[in-house]
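Okay, here's what each chain looks like letter by letter:
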Amino acid sequence: MTSSGAGPSPATAFLPASTAPASDAAGGMHALLVDTRGTRCPTPLLRLRKALRRCEPGRVLELAADDPAAFIDIPRALAELPAQLFAVRDEGAYRVFVILRC
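Residues numbered from 1 in each chain as written. Predicted model: local features only at pLDDT ≥ 70, side-chain atom pairs only at ≥ 80, totals over all residues. Heavy atoms only, no water.

Draft legend 1. Region of interest: the environment of L85. With respect to the helices and strands, L85 occurs in strand β3 (residues 83–90). Using a relative accessible area of 32% as the deciding quantity, one classes L85 as partly exposed. L85 sits 12 residues away from F97 along the chain, and the two C-alpha atoms are 7.2 Å apart. When neighbours within four sequence positions are excluded, L85 is seen to be in contact with P75, L78, F97, V98 and I99. (Helix = DSSP H or I, 4+ residues; strand = E, 2+ residues; numbered from the N terminus. Buried < 20%, exposed > 50% of the residue type's maximum accessible area, 1.4 Å probe, protein only. Contact = heavy atoms within 4.5 Å.)

Shown next, in the form of structure tokens:
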């Protein structure tokens, strides 16, 4: 992702909750990318729950959100979901929550 504020390049664009390929050419895992930018709560949380139901334990999800309420709601909700907050990246206009499915 670029941090210049121009947005992600087409090769790294976030997609709605859909299954990412199991591995890349080097054999590494891809994260499931969930783009909730432009939506307001409760949509980011609902999309996170849907993505967690679709993926197996051990999978990494990256949820992009620009709703300030999601910055609070997502970490709080993870206490009740089968997932763990791994990291949060501030990308300027939005944040990316890196989440591990337990």
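Next comes the rest of the description.
Draft legend 2. The arrangement of the packing of aromatic side chains in detail. Counted under the stated rule, the structure contains 0 aromatic pairs. Over the aromatic face of Y94 sits the side chain of R37, whose NZ or CZ is 4.5 Å from the ring centroid. (Phe/Tyr/Trp six-rings, centres within 6.5 Å; stacked < 30°, edge-to-face > 60°. Lys NZ or Arg CZ within 6 Å of the ring centre and 35° of its normal.)

Draft legend 3. Highlighting the pairing of strand β1 (residues 32–35). Bridge count between β1 and strand β2 (residues 60–65): 4 bridges; the pairing is parallel. Of the residues in β2, the one forming a bridge with D35 is A64. Once the chain exits β1 it traverses helix α1 (residues 43–54) before rejoining the sheet at β2, and the crossover so formed is right-handed. (Pairing = 2+ DSSP bridges. Right-handed = clockwise from strand over helix to strand, strands pointing away.)

Draft legend 4. Broad picture of the pattern of salt bridges. Overall, the coordinates contain 5 salt bridges when judged by the stated rule. Between E56 and R59 there is a salt bridge, with the nearest N and O atoms lying 3.6 Å from each other. Take E56: its relative accessible area is 39%, and that puts it in the partly exposed class. When its relative accessible area of 5% is taken as the criterion, R59 is described as buried. Here the residues in one salt-bridge network are E62, R89 and E91, joined through shared partners. (Salt bridge = Lys/Arg side-chain N within 4 Å of Asp/Glu carboxyl O.)

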